[in-house]
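Fold and contact review
One letter stands for each residue in the lines below.
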Amino acid sequence: MSRTITENTFNFEVNATAGDARTGTLHVNGTRLKTPNLFPVMNFYAGGTENSVYGGGVHRTMKEFMIGAERVSVDPLTNYFDATMMSVSSLTDYNLTRKRFEAYLDTPIKERELFEPFEGTVFADSGGFKFLNNAEIDGSDFEEDMDQRTVYQIQKQLGSDIIVNLDHPIAPDDSHQERVKKAERTAENIHTFLSLTRDFDGAQYLTLHGYNYSMMNEYLDVITDSVPQGVLHEGFDGIALGSLVPKKDDRGALIQAVTDCREVMAEWGMEDWPLHVLGISSRAIPILAALGADSFDSSTHIHNAINGKYSHSLMDHSPIKEADFSKCDCPVCQSDHLVNWMRGNTEYKKDILGPVAMHNLIVQKRELADIRNRIQQGGEDALVDYFEETFGRDRTMRQFAHQVVNQSLGGYF
Ligand SMILES: [Zn+2]
């Protein structure tokens with residue numbers, strides 16, 4: 001009975017394809033998200049109070065853009081927050097008291113008046129990558145054991161639309177035995193997760209770990225030893241491909257992982273499920289989209305800002321001090337008030353970097369809209385042109401771009 005309700009709140013439809021790339025719509029809990037798309041990482045709760053939009057330095061300024069706070073004096077930039085990624089583990093980045101932790105979780109994000117303009121899809125990860133070595137939330141006056149039950153409770157209380165099971169990501173130097181052990185422990189969590197989430201109104205994504213076909217296939221073999229394939233199909237709606245962060249700058253490894261993941265999904269009867277790639281940076285996005293990944297999450301817009309980088313495209317940036325803000329038509333660079341901040345005329349560093357991070361995010365989101373349009377045009381030509389324009393003069397990326405064009409977009413001829 002409860003499954004029927006859940007199925008009604010989740011739907012993924014593919015509208016057009018170009019080679020292996022696809023564009024579609026993800027419907028979850030009344031939110032509508034065009035794919036492929038990017039979930040920017042947002043720390044909704046970062047140690048502060050409601051007055052400070054719950055704090056978080058640059059994250060705070062991003063939230064102010066999202067809700068159109070008076071301080072930034074622009075209209076809510078909700079267009080660029082059609083999706084966000086909230087890490088359950090970010091709650092461990094701030095020295096929270098038990099009281100504040102509970103206050104953060106007592107009302108779902110989108111039910112708070114403060115976040116009223118925000119209507120995007122909230123994806124809450126499980127924090128597996130972080131809890132692996134550090135098994136509890138360290139608060140100033142409490143500790144919370146992080147197991148599958150606690151993580152799900154937090155995901156639910158945040159009001160998440162998409163959630164994943166608690167997993168045990170693999171590391172590049174794990175032995176075969178260690179990887180199997182991690183898959184077995186993840187399988188136990190999946191078992192618990194499925195029994196807890198029967199009434200969850202949203203989408204449940206299954207974490208998948210591995211760098212190539214045989215690793216992912218074996219992972220699913222181990223999982224289905226304790227959770228039968230039929231139960232996996234009944235309980236999950238999508239795949240979240242993890243463990244790739246250590247390989248995020250290794251384009252060859254990313255191409256292999258996503259290509260093989262699509263193949264494994266097809267063989268396990270999951271080809272119609274959306275595929276999310278966890279934690280992958282902006283420069284790899286066009287390649288992953290061309291291979292058929294449907295969504296990604298990233299905090300590169302913030303990291304680039306913190307490193308003094310102002311984006312011109314997914315590939316190019318210049319130092320903030322050399323940026324010509326008048327060349328950008330985004331709402332941030334169009335605001336004299338915010339340009340003044342970006343030039344350094346403000347008391348706080350977060351207010352210099354926040355608008356830059358917002359501009360960087362807008363650049364990424366606009367390029368994804370361009371990629372979607374090109375897939376939508378039918379045939380591979382428009383997307384091949386994008387690859388040529390984007391990577392043609394980039395020596396480090398060109399060979400990978402050619403590989404993707406040849407492998408998934410029908411080649412140049
Ligand atoms: Zn701009």
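A short tour of the structure in this document, coming up. This one's a predicted model, so the numbers in the text were calculated from it and none came from an experiment. (Residues numbered from 1 in each chain as written. Predicted model: local features only at pLDDT ≥ 70, side-chain atom pairs only at ≥ 80, totals over all residues. Heavy atoms only, no water.)

**Remarks on the coordination of the zinc ion**
Heads up, the rule is: Metal coordination here is assigned from N, O and S atoms located within 2.8 Å of the ion, or within 3.2 Å for Na, K and Ca; omission of water means that sites may look incomplete. Just to be clear on the cut-offs, tetrahedral is four donors with all angles between 85 and 135 degrees, square planar is four donors and octahedral six with opposite donors over 155 degrees apart and all others between 65 and 115, and anything else goes down as irregular. Labels follow the DSSP assignment, with helices taken as runs of H or I lasting at least four residues and strands as runs of E lasting at least two, numbered in each case from the N terminus. For every residue, the accessible area obtained with a 1.4 Å probe (protein chains only) is divided by the maximum for its type, and the residue is called buried under 20%, exposed over 50%, and partly exposed between those limits.
Those protein atoms acting as donors to the zinc ion are Cys-328 (SG), Cys-330 (SG), Cys-333 (SG) and His-359 (ND1), and they sit at 2.1 to 2.3 Å. Given 4 donor atoms and angles of 103 to 118 degrees at the metal, the environment of the zinc ion is assigned as tetrahedral. Each donor residue of the zinc ion belongs to the same chain, with the gaps between them written as C-x1-C-x2-C-x25-H. Taken as a pair, Cys-333 in the loop between strand E15 (317-319) and helix H12 (336-342) and His-359 in helix H13 (residues 349-376) lie far apart in primary sequence, 26 residues in all. You can call Cys-333 buried: its relative accessible area is 6%.

**Concerning the sheet that holds strand E2 (residues 21-28)**
For the record, the criterion: At least two bridges found by DSSP between two strands are what make those strands a pair. All axes are obtained by fitting lines to C-alpha atoms, using only the stretch in contact for helices, and the reported angles, taken between N-to-C directions, cover 0 to 180 degrees.
Sheet architecture is open: 3 strands sit in the order E1-E2-E3, paired in antiparallel fashion. The open sheet has two free edges, formed respectively by strand E1 (10-18) and strand E3 (31-35), since each of these has just one partner strand. Taking each pair of neighbouring strands and ignoring which way they run, the sheet shows an average axis angle of 15 degrees. Pairing analysis gives 5 bridges linking E2 to E3, with the strands arranged antiparallel.

**Considering a negative patch on the surface**
In plain terms, the rule: Patches here are clusters of residues that have more than 30% relative accessible area and form no salt bridge, with a 9 Å joining cutoff for like charges and a 5 Å cutoff for nonpolar side chains (Val, Leu, Ile, Met, Phe, Trp, Tyr). In this description, accessible areas are obtained by the Shrake-Rupley approach with a 1.4 Å probe, and a residue is regarded as covered only by the protein chains that are shown. In what follows, salt bridge is the name for a side-chain nitrogen of Lys or Arg lying within 4 Å of a carboxyl oxygen of Asp or Glu. Only four residue types enter the charge count, namely Lys and Arg as positive and Asp and Glu as negative; His and the chain termini do not. A single reference atom marks each charge: NZ on Lys, CZ on Arg, CG on Asp, CD on Glu.
A contiguous patch of negative charge, built from Glu-50, Glu-113, Glu-116 and Glu-119, is present on the exposed surface. Position of Glu-119 relative to the elements: it lies in the loop between helix H3 (98-105) and strand E6 (121-125).

**Some details on the packing of aromatic side chains**
Spelled out, the test is: Here the aromatic set is Phe, Tyr and Trp, taking the six-membered ring for Trp, and pairing holds for ring centres within 6.5 Å; pairs whose planes are under 30 degrees apart are stacked, those over 60 apart are edge-to-face, and all others are tilted.
By the definition in use, this model includes 14 aromatic pairs. On the numbers, 5.6 Å between centres and 80 degrees between planes, the contact of Phe-123 with Tyr-205 is edge-to-face. On the criterion of sequence distance, the pair formed by Phe-123 in strand E6 and Tyr-205 in strand E10 (residues 203-209) is long-range, its members being 82 residues apart. Between the aromatic rings of Tyr-310 and Phe-325, the centroid separation amounts to 5.3 Å while the plane-to-plane angle is 85 degrees, which identifies the pairing as edge-to-face. Pair noted here: Tyr-310 is in strand E14 (residues 309-311) and Phe-325 is in the loop between E15 and H12, with a separation of 15 residues, a long-range link. Put simply, the rings of Phe-44, Tyr-45, Tyr-54, Tyr-104, Phe-115 and Phe-118 pair up and form one aromatic cluster.

**Some details on the nonpolar core**
For clarity, the threshold we go by: Take the buried residues of types Ala, Val, Leu, Ile, Met, Phe, Trp, Tyr and Cys, join any two whose side-chain atoms come within 4.5 Å, and each joined set is a nonpolar core. Contacts between residues were defined by any pair of non-hydrogen atoms, one from each residue, lying within 4.5 Å.
By size, the foremost hydrophobic cluster in this structure holds 122 residues, and its most contacted members are Phe-81, Ile-287, Leu-288, Met-358 and Phe-387. The leading source of residues in this core is H13, at 9 residues. When neighbours within four sequence positions are excluded, Ile-287 is seen to be in contact with Ile-255, Phe-387, Phe-391, Met-397, Phe-400 and Val-404. Counting residues in each nonpolar core, the second largest holds 16 residues, with Leu-26, Phe-39, Val-164 and Leu-278 among its members.

**Side note on the pairing of strand E13 (residues 295-298)**
The condition that has to hold: With strands facing away from the observer, any crossover in which the path from the first strand over the helix to the second runs clockwise is taken as right-handed.
Burial along E13 is two-sided: the residues Ser-295 and Asp-297 and Phe-296 and Ser-298 are all buried. Across 4 bridges, strand E4 (residues 37-40) lies against E13 in parallel orientation. Residue pairing across strands places Pro-40 opposite Ser-298, the latter belonging to E13. Crossover handedness for the path strand E12 (residues 275-277) to helix H10 (residues 285-290) to E13: right-handed.

**Description of helix H9 (residues 251-267)**
Spelled out, the test is: For a helix, the expected span equals 1.5 Å multiplied by the number of residues minus one.
For H9, spanning 17 residues, the distance from its first C-alpha to its last is 24 Å, which sits close to the expected 24 Å at 1.5 Å a residue. Burial in H9 covers these residues: Arg-251, Ala-253, Leu-254, Ile-255, Ala-257, Val-258, Asp-260, Cys-261, Val-264 and Met-265. Where H9 is buried, its residues meet E10, helix H7 (213-226), strand E11 (238-242), E12, H10 and helix H15 (395-408). With its phi angle positive at about 70 degrees, Gly-269 sits one or two positions after the end of H9.

**Considerations on the pattern of salt bridges**
All told, the structure shown has 17 salt bridges when counted by the stated rule. The partner of Arg-71 in a salt bridge is Asp-351, with the nearest N and O atoms 2.9 Å apart. One end of the pair, Arg-71, is in the loop between helix H2 (58-67) and strand E5 (83-87); the other, Asp-351, is in helix H13, and 280 residues separate them in sequence. Take Arg-71: its relative accessible area is 30%, and that puts it in the partly exposed class. We note a salt bridge from Glu-102 to Arg-98, for which the minimum N-O separation is 3.5 Å. Within this pair, Glu-102 and its partner Arg-98 are both found in helix H3, separated by 4 residues, close to a single helical turn.

**Notes on the packing of H7 against H9**
A pair of packed helices is captured by two measures, namely the crossing angle of their axes and the spacing between those axes. The condition is simple: Orientation is classified from the angle alone, with under 35 degrees giving roughly parallel, over 145 giving roughly antiparallel, 65 to 115 giving roughly perpendicular, and any other angle giving oblique. For any pair of crossing helices, the crossing counts as left-handed if the nearer helix is rotated counterclockwise from the farther one by less than a right angle, and right-handed if it is rotated clockwise. When residues are sorted by character, Ala, Val, Leu, Ile, Met, Phe, Trp, Tyr, Cys and Pro go into the nonpolar class, Asp, Glu, Lys and Arg into the charged class, and all the rest, Gly among them, into the polar class.
Orientation of H7 relative to H9, taken along the N-to-C sense of each, is 40 degrees, at an axis distance of 9 Å. With respect to H9, the axis of H7 lies oblique. As for how H7 packs across H9, the hand of that crossing is right-handed. Each of Tyr-213, Met-216, Asn-217 and Leu-220 in H7 lies in contact with H9, whose residues at this interface are Ala-257, Asp-260, Cys-261, Glu-263, Val-264 and Glu-267. Tallied by class, the residues present in the contact of H7 with H9 amount to 6 nonpolar, 1 polar and 3 charged.

Read these as spatial facts, not as claims about activity.
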